[in-house]
Structure formats: C-alpha cells, structure tokens
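# Residue-level structure breakdown
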Amino acid sequence: MAATVVTVTSGKGGVGKTTTTANLAVALALGGKKVVCIDGDIGLRNLDVVLGLENRIVYDLVDIVEGRCRLRQAMIRDKRLPELYLIPAAQTRDKSAVSPSDMVRLCDDLRAEFDWVLIDSPAGIERGFRNSIAPADVVVVVTNPEVSAVRDADRIIGLIEAEEKGPARLILNRLNPALVKRGDMLSADDILDLLAIELIGIVPEDENVVISTNRGTPVALDGKTRAGEAYLNIARRLGGEKVPFMNLEDKQGLFQKLARMMRSGG
Amino acid sequence: MAGWLERLFGTKAQSADQAKDRLKLVLINDRTDLTPAQMEDLKNELIAVIARYITIDTAGVNITMAQEGREHRLLADIPLRPAARRRSS
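Residues numbered from 1 in each chain as written. Chains lettered and ligands numbered in written order. Predicted model: local features only at pLDDT ≥ 70, side-chain atom pairs only at ≥ 80, totals over all residues.

## Looking at the overall build of chain A
- A count of helices and strands for chain A gives 12 helices and 8 strands.
- Relative to the 2.2 N^0.38 estimate, which gives 18 Å for 266 residues, the radius of gyration of chain A is 18 Å and therefore close to what a compact globule would have.
- Considered along the principal axes of its C-alpha atoms, chain A spans approximately 60 × 40 × 35 Å.
- Each of the 266 residues in chain A was classed as buried or not, and the buried ones make up 46%. (Helix = DSSP H or I, 4+ residues; strand = E, 2+ residues; numbered from the N terminus. Rg over C-alpha atoms; globule rule 2.2 N^0.38 Å. Buried ≥ 20, exposed ≤ 12 C-beta atoms within 10 Å, placed from the backbone.)

Laid out in structure tokens, this is it:
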C-alpha cells in the first residue's frame, strides 16, 4: 500500500473542515479502505468529538513527535468500521510543538500501512496550516457560499500554489439550494468562476449534520441523508471515480413549498 | 413584503449578484496585492508615460484587469489622437 495524503483546509474557521474530514474518512473506510485521520489543530482539537472518539484518547500527535509513545499507541481505532483510525491533536500544547518536517516523517511512516491519510488543518495561514499541507499529495479546500469564506479560500488557494501543492480541489459546503434559486446565495457556478479551481463536491445545508455531530456519529455512516450522500460521492471522486453531481433542487412537496411562499411572501 | 415587491419589479439587485461583483474586485486586490488607490495611481502613471511619446485621447482610455482562470492580465485600451499633420513641402 502507498497511501494518498489528503489535507483538508479552508483559511476561514467554521466552514466545516473537521466535519468534512470526519465524513470523508468514514466514507472512504466504508468503501473498504484503510484510513487514518490526523487532527492537525493542536491546542484546539475537535476531530475526536466529531468522530465520537473523545473518550478513548490516551496519547496524541505531540506524544508521537516527541517520542513519548509509539505511533501505534496513539492511533485510536473506530470500532464502527473495520479500518478507520484517528490520531488526535494535543490539547494542552500549541502549534510550535510540531514542525512541517515532523508531519512529513509521520505521514511517510503511515503511508506503507494505509490507503488514505487525511489531515484536518486548523484555520488560518500560519504554522498549523503549513504543518498540515507539508505532507499533502492532494489539498482539498472547503468553503461556504459567503463572501468571507470565498475570499479566504482564494487566499489559501494562492498559498497552496506557492507551496507547489496545487492545484487544490474545492468542496462547497452548506449550500442552500432554495436561497440560490432566489438569487440570495452565491451559486456553485459563481464560486467556481471566482476561484477557478476544480470542484470535487457540493454538500447541501442539512440539519442532519448538526444532529449527527451532537451524537458523534458522522452523517456518512448512514448515507441516507443528503449531506451523507454528498460525502460518499466526494470520497468516490477522491478515489478517481467519475460521479455525477447530485441534483440539489428541492424535493419538497407542494404543501411545504406553499408554506414557504407564505412565509417569505414570494 | 417589501422585499417581495422589490423583487417583482426588479428594483433591487439580487444579493448573490452583489456578492459576486464585490468579490471580483476584492480578489483582484488580494491577488495582485494592489489597493484600489494604488491601481488608480498605476493607471494615471501609465497614461502619463505614454502621453510623453504620443498624443492620446485621455478621455477614451480604458485600463482594466481581466481574469482567466487564476491568472490576471492588465488590459489597456488607449486610443491615439491623430498626430497634427505635419506640413511637408
């Protein structure tokens, strides 16, 4: 095996990097692949709670780098899937505890054993971001259809190119098709025009993401939701399959449409 | 209700269009590391330099930034004014 290292980043915080990393990891593992995900956000770890593995942490990324444990000991196996592992971030340290070359070395050790290594990058453009993209074979940029998120995505795409890790691929997260239709939300086409990179997935806004995060069971585990389906599709595209983009037009019934028309007055 | 009326009569630009137009300008500034004021200076200096060599129609000058993918180019459309005919004899 020779894993592909995928880094999920965004520039702006709160756009859904961690949710994306968790769901792509689950989706790839559901497809029978060996997957390990690394929380690159040292000091603000969250991938553990989103995956529902927070109670099983003993060692973390900094323990590995500083030689307090073996790589194996810091890898938490997700019992719901045969081959999904998490390397959590340290919570009481900061980003300077790890260097880009530490990350490259760690990923090189993991490559032989896994099909996929996913890295959840912290927000921002500093050390944590540089650590996260240093070992990347593929960089995925997550954005939302909002001016601030798109602007930051553009900035980060430029930095990824400057580090010769490009071209980055784009995931458009939390798209609300009804708002797009009304002309009150940037569409996927608008954003692709502006950012000019390859789109690898659109995840519609879906309350199931909130519910599943509350429970620590990523939506992709049960692919029956819109968002879960979107993540499963993105995982297949990462694997090189050509998967058509799903139709995001409302599947609402007449009654719901009428109710919405009454509310918005149009 | 007001929003609905405005949309019906097309008096209000759709907010997504506004977002896109604003982003276009912001991204040019971010990518080129030029503020709008610096861009204005660049245009004015460019016109001044060219005008030292040939007579141009300054009112018709149009300098814009065009985007192709992630590349940008500065496009300058500078109409020349016919040189005052020299009397040759």
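## A word on the interface of chain A and chain B
- Every contact between the two is made by 16 residues of chain A and, on the other side, 18 residues of chain B.
- Of all the elements in the fold, those that place two or more residues in the side of chain A that touches chain B are helix H7 (147-162) and helix H9 (188-195) of chain A.
- The dominant element in the side of chain A that touches chain B, judged by the number of residues it contributes, is H7 of chain A, at 6 residues. (Contact = placed C-beta atoms within 7 Å.)

## Here's the deal with unusual backbone geometry
Residues and elements named next belong to chain A.
- Here the residue pair glycine 166 and proline 167 is connected by a cis peptide bond, since its omega of -5 degrees sits within 30 degrees of zero.
- In the Ramachandran plot, arginine 174 falls in the positive-phi region, its phi being about 65 degrees despite a non-glycine side chain.
- Structurally, arginine 174 is set in strand S7 (residues 169-175).
- Judged by the 21 C-beta atoms lying within 10 Å of it, arginine 174 is buried.

## Observations concerning the nonpolar core
- In this structure, Ala25, Val35, Val117, Leu118 and Tyr231 of chain A are the most contacted members of the largest nonpolar core, which totals 83 residues.
- Beyond its immediate chain neighbours, meaning those up to four positions away, tyrosine 231 of chain A contacts Asn23, Leu24, Ala27, Val203, Val219 and Ala220 of chain A. (Core = buried A, V, L, I, M, F, W, Y, C linked by C-beta atoms within 7 Å.)

## Quick word on the pairing of strand S1 (residues 62-68) of chain B
All names here are of chain B.
- Within S1, only 0 of the 7 residues are buried, leaving the element largely exposed.
- As defined by bridge partners, S1 adjoins strand S2 (residues 71-77) across 7 bridges and the pair is classed as antiparallel. Within S2, the position partnered with threonine 64 by the bridge is leucine 75.
- Hairpin remark: S1 followed by S2, antiparallel, with 2 residues in the connecting loop; positive phi at glycine 69, about 60 degrees. (Pairing = 2+ DSSP bridges.)

## Some details on the sheet that holds strand S3 (residues 76-77) of chain A
All names here are of chain A.
- As summarised here, the arrangement of the 8 strands in space is S3-S4-S2-S5-S1-S6-S7-S8, forming an open sheet in which the pairing is mixed. With partners counted over all chains shown, the strands left at the sheet margins are S3 and strand S8 (198-204), one partner each.
- The pairing of strand S1 (residues 4-9) with strand S5 (residues 116-120) spans 5 bridges and is classified as parallel. Bridge assignment links threonine 7 to a residue of S5, and that residue is isoleucine 119.
- Contacting S1, S7 and S8, helix H11 (residues 226-238) crosses the sheet at an angle of about 160 degrees to S8. (Axes fitted to C-alpha atoms, helices over the stretch in contact; angles between N-to-C directions.)

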